[in-house]
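Residue strings, one per chain:
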Amino acid sequence: PSDFCRVIGGLAAYHSIVLILWGIVSPREVQVSYDGATDVFGRPVSGSLICISSDQQAESPFYTFLVLVALVSSTLANFWAIRCRAIETEYSEGHFLGFAVGTIFEALVIGLPMTFFARKFPDSQYLVTGFIVVLSSLVAPLSIIIPKVQALRKFFDDSMARDSFV
């Protein structure tokens, strides 16, 4: 557990430093645009908020550093998941955890370029980012729960078959 905590702590510290430096070097501004519709009192009814940076070129190194670390860490996680896939445990979770890590890696490899290309369209970027977060958040817990549910189902099927002949 201490090795795992060191890795997670190191990644969290790295991301915090990069994001703090990013906020200092290239702060973002909120731009509000209204669509022109007003209520009976003349107040705007709807509009949109966009968070942009005044210097788009200053953001590129930060994106590069964050994406590079995400890809390297997920590649290493995939490597270790493949190596540990054959380890026998009570519920054979290694196979499912390897699948989870592979799915998260796939979401990063496919999703990160999509968010880069969709950054001028906030709705599309939000949708792609949401899919990445939901997929990454659901796959890991499901990979732990599914083997246990399968074992429980097999246990109940075996006990029902045994009890039906009595």
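The structure displayed is predicted, hence computed values, not measured ones.

1. Focus on the overall build of the protein
And then number 1: Helix and strand content of the protein: four helices and two strands.
And then number 2: Secondary structure of the protein in N-to-C order comes out as α-β-β-α-α-α.
And then number 3: Taking 166 residues into account, the globule formula puts the C-alpha radius of gyration at 15 Å, and the protein, at 23 Å, lies well above it.
And then number 4: Overall, the C-alpha framework of the protein stretches about 80 × 45 × 25 Å when taken along its three principal axes.

2. Things to note about the side chain of Thr115
And then number 1: In this structure, Thr115 sits in helix 3 (residues 93-117).
And then number 2: Within the structure, Thr115 has its side chain in polar contact with the backbone oxygen of Leu112 (distance 2.7 Å).
And then number 3: If near-sequence neighbours (up to four positions away) are discounted, Thr115 is found in contact with Gln125, Val128, Thr129 and Ile132.

3. Some remarks on the environment of Thr129
And then number 1: If you trace the backbone, Thr129 turns up in helix 4 (residues 122-164).
And then number 2: For Thr129, a relative accessible area of 35% gives the class partly exposed.
And then number 3: For the pair formed by Thr129 and Phe116, sequence separation is 13 residues and the distance between their alpha carbons is 10 Å.

4. Digging into the packing of aromatic side chains
And then number 1: One pass over the full model with this rule turns up two aromatic pairs.
And then number 2: Residues Trp22 and Phe62 carry aromatic rings whose centres are separated by 5.6 Å and whose planes lie at 5 degrees to one another, so their mutual orientation is stacked. Taken together, the residues span a long stretch of sequence, with Trp22 in helix 1 (residues 2-25) and Phe62 in helix 2 (residues 60-83) at a distance of 40 residues. Each member of the pair, Trp22 as well as Phe62, is classed as buried.
And then number 3: Where Phe116 meets Phe117, the ring centres are 5.5 Å apart and the plane angle is 70 degrees; that geometry is what we call edge-to-face.

5. Some remarks on the environment of Trp22
And then number 1: Owing to a relative accessible area of 10%, Trp22 belongs among the buried residues under this scheme.
And then number 2: Through-space distance from the C-alpha of Trp22 to that of Pro61 is 9.2 Å; in sequence the pair is 39 residues apart.
And then number 3: For Trp22, the residues in contact, after removing those within four places along its chain, are Pro27, Arg28, Glu59, Phe62, Tyr63 and Leu66.

6. Let's talk about the environment of Ile52
And then number 1: Of note, Ile52 is situated in strand 2 (residues 47-53).
And then number 2: Taking C-alpha positions, Ile52 is 5.3 Å from Arg28, a pair spaced 24 residues apart along the chain.
And then number 3: For Ile52, the contacting residues outside a window of four places in its chain are Pro27, Arg28, Glu29 and Gln31.

7. Points about the packing of helix 1 against helix 2
And then number 1: Following both chains from N to C, one finds helix 1 and helix 2 inclined at 165 degrees, their axes separated by 10 Å at the closest point. As far as their axial angle goes, helix 2 and helix 1 are roughly antiparallel. Classified by chirality, the crossing of helix 2 by helix 1 is left-handed. Across the interface between the two elements, Leu11, Tyr14, His15, Val18, Leu19, Leu21, Trp22 and Val25 from helix 1 touch Phe62, Tyr63, Phe65, Leu66, Val69 and Ser73 from helix 2.

8. Some points on helix 2
And then number 1: In this model, helix 2 (24 residues) spans 34 Å end to end at C-alpha, consistent with the 34 Å of a helix rising 1.5 Å per residue.
And then number 2: Taken together, the buried positions of helix 2 are occupied by Phe62, Leu66, Val69, Ala70, Ser74, Asn78 and Ala81.

9. Structural notes on the side chain of Ser26
And then number 1: Within the secondary structure, Ser26 is located in the loop between helix 1 and strand 1 (28-34).
And then number 2: Apart from residues no more than four positions distant in its own chain, Ser26 is found in contact with Ser53, Asp55, Ala58 and Glu59.

What counts and what doesn't
Each residue is numbered by its place in its chain's sequence as written, counting from 1. Only residues with pLDDT of at least 70 are given local features in this predicted model, and only at 80 or more are side-chain atom pairs given and counted; all residues enter the totals for whole chains, interfaces and linings. Hydrogens are left out, water is left out, and the side-chain values use all remaining heavy atoms of the structure. Here a helix means four or more residues in a row that DSSP labels H or I, a strand means two or more in a row labelled E, and each is numbered from the N terminus. Note on method: radius of gyration uses C-alpha positions; expected globular size equals 2.2 Å times residues raised to 0.38. Any pair of N or O atoms that falls within 3.5 Å is considered a polar contact. Within protein, one atom must be able to donate a hydrogen and the other to accept it, and sequence-neighbouring residues count only if both atoms are side-chain atoms. Residue contacts are defined here by distance: any two heavy atoms, one from each residue, within 4.5 Å place the two residues in contact. Throughout, exposure labels follow a simple rule: accessible area from a 1.4 Å probe, protein chains only, divided by the maximum for the residue type, with under 20% read as buried, over 50% as exposed, and the rest as partly exposed. Two aromatic rings, drawn from Phe, Tyr or Trp (for Trp, its six-membered ring), form a pair once their centres lie within 6.5 Å of each other, and the interplanar angle then sorts them: stacked below 30 degrees, edge-to-face above 60, tilted otherwise. To define axes, lines are fitted to C-alpha atoms, for helices over the stretch in contact only, and angles between the resulting N-to-C directions are given on a 0 to 180 degree scale. Convention used here: angles under 35 degrees read as roughly parallel, angles over 145 as roughly antiparallel, angles from 65 to 115 as roughly perpendicular, and any remaining angle as oblique. By convention, the crossing between two helices is left-handed when the near helix turns anticlockwise from the far helix through less than a right angle, and right-handed when the turn is clockwise. Expected span, for any helix, means 1.5 Å times one less than how many residues it has.

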